[in-house]
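# Analysis of the macromolecular model
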Amino acid sequence: GEGDKNNENFAEDFENLVTEYRTEWNNPNMPVIYVQLAASPKLILTDEANSGQDYTKARYAQLQALYNIGGPVGLVNAADRTLPASTDVSTIVHYSDKQVVGQRLAHAAENLAYGIEGEFLAPTYTGYTAEDGKITVNFANTYSGLSTSDSKAVRGFTVAGQDGIYKKADAQISADKKSVILTSDDVANPIAFRYCDDTTLTGIQYDGENYVNPNLV
């Protein structure tokens, strides 16, 4: 959780915890479902009250664990459940709107624990290509198509060229709604990208079933 925000070994520690649980319960395929830490676009880290409350690395480690843990595992994102104007860390991480997150967890449990077919996964990053002055970011589990929470343009992406300096990217959802295409007037030939790579999430994206995708670094 947020107590591990400065733990450089969080992903490995979490993987070991899952292994320990499965060993103790003598169930190597025990389903594991967890919630990625939330954040707010209004969280100002320079404020004294919020000093040291950057959860970026912890959230990314939680995403890494999703890819590394074997067996049935699911991650639920809560980035869209915080109050947009909130600057209070206690209401950002411990948000009051838990019903939607609970529903997402329940749908994941139905599939992973009980084998009930359904669309429960958030858009999952599968890779990208960089060519012709643009980057195409590909996702699985898009179901009926990617969209944004407010029907506006995709936000939160940055791109970098050979110099490794990241600049804001213009992002468009592809025609088949399975990818995001990135370009930038400031980076002629982008070769790398980041998504919501600070603690202030600004680019909430959904699949066709309203599951929000995790942040990528």
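The structure we're discussing is the one just above.
These numbers were taken from a predicted model, which means no experiment stands behind them.

## Points about the pairing of strand β2 (residues 73-77)
- Here β2 lies mainly inside the structure; five of its five residues are buried.
- Residues V73, L75 and N77 point to one face of β2 and G74 and V76 to the other, with burial holding for every one of them.
- Examined bridge by bridge, strand β1 (residues 32-36) and β2 share five bridges and lie parallel to one another. Bridging across to β2, Y34 finds its partner in L75.

## Considering the nonpolar core
- Judged by nonpolar contacts, the single largest core of 15 residues is most densely connected at V137, F157, V159, V180, L182 and F193.
- Every element with two or more residues in this core is listed here: β4 (134-140), β6 (157-160), β9 (179-183) and β10 (192-195).
- If you look at the next biggest cluster of nonpolar residues, it comprises 13 residues, including V18, Y34, I69 and L75.

## Details of the packing of aromatic side chains
- Per the stated rule, a full pass over the model turns up six aromatic pairs.
- Here F157 and F193 contribute two aromatic rings whose centre-to-centre distance is 6.0 Å and whose plane-to-plane angle is 40°, an arrangement assigned as tilted. Pair noted here: F157 is in strand β6 and F193 is in strand β10, with a separation of 36 residues, a long-range link. Side by side, F157 and F193 carry an identical accessibility label, which is buried.
- The positively charged end of R194 is found above the aromatic ring belonging to Y166, 4.1 Å away from the centroid.

## Some thoughts on helix α2 (residues 56-68)
- With 13 residues, α2 should cover 18 Å at 1.5 Å per step; its first-to-last C-alpha distance of 18 Å lies within 8% of that length.
- All buried positions along α2 are accounted for by T56, A58, R59, A61, Q62, L63, A65 and L66.
- In the core, the buried residues of α2 are packed alongside α1 (10-24), β1 and β2.

## Here's the deal with the sheet that holds strand β3 (residues 124-131)
- Overall, antiparallel pairing links the four strands, which are arranged β3-β4-β9-β8 in an open sheet. Two strands bound the open sheet, and with one partner strand each, they are β3 and β8 (170-173). Neighbour to neighbour, the strand axes of the sheet diverge by 20° on average, direction disregarded.
- Bridge count between β8 and β9: four bridges; the pairing is antiparallel. Within β9, the residue paired with D170 across the bridge is T183.

## A word on unusual backbone geometry
- With a phi close to 55°, N26 is a non-glycine residue in the positive phi region.
- A positive phi angle, near 60°, is found at N141, a position not held by glycine.
- Relative to the elements of secondary structure, N141 occurs in the loop between β4 and β5 (147-148).

## What to know about the sheet that holds β6
- If you trace the three strands from one edge of the open sheet to the other, you get β7-β6-β10, paired in antiparallel fashion. Each of the sheet's edge strands pairs with one partner strand only, and the pair in question is β7 (166-168) and β10. With strand direction ignored, the average angle separating the axes of adjacent strands in the sheet is 30°.
- In the sheet, β6 pairs with β7 via three bridges, with the strands oriented antiparallel. Bridging from a neighbouring strand, V159 pairs with K167 of β7.

## A few points about the environment of N141
- Given a relative accessible area of 22%, N141 falls into the partly exposed group.
- Separated by 37 residues in the primary sequence, N141 and K178 place their C-alpha atoms 8.5 Å from one another.
- A distance of 2.8 Å separates a polar atom in the side chain of N141 from a polar atom in the side chain of T124.

Scoring rules and cut-offs
- Residues numbered from 1 in each chain as written.
- Predicted model: local features only at pLDDT ≥ 70, side-chain atom pairs only at ≥ 80, totals over all residues.
- Heavy atoms only, no water.
- Buried < 20%, exposed > 50% of the residue type's maximum accessible area, 1.4 Å probe, protein only.
- Helix = DSSP H or I, 4+ residues; strand = E, 2+ residues; numbered from the N terminus.
- Pairing = 2+ DSSP bridges.
- Core = buried A, V, L, I, M, F, W, Y, C linked by side-chain atoms within 4.5 Å.
- Phe/Tyr/Trp six-rings, centres within 6.5 Å; stacked < 30°, edge-to-face > 60°.
- Lys NZ or Arg CZ within 6 Å of the ring centre and 35° of its normal.
- Expected span 1.5 Å × (residues − 1).
- Contact = heavy atoms within 4.5 Å.
- Axes fitted to C-alpha atoms, helices over the stretch in contact; angles between N-to-C directions.
- Polar contact = N/O pair within 3.5 Å; in protein donor to acceptor, adjacent residues only side chain to side chain.

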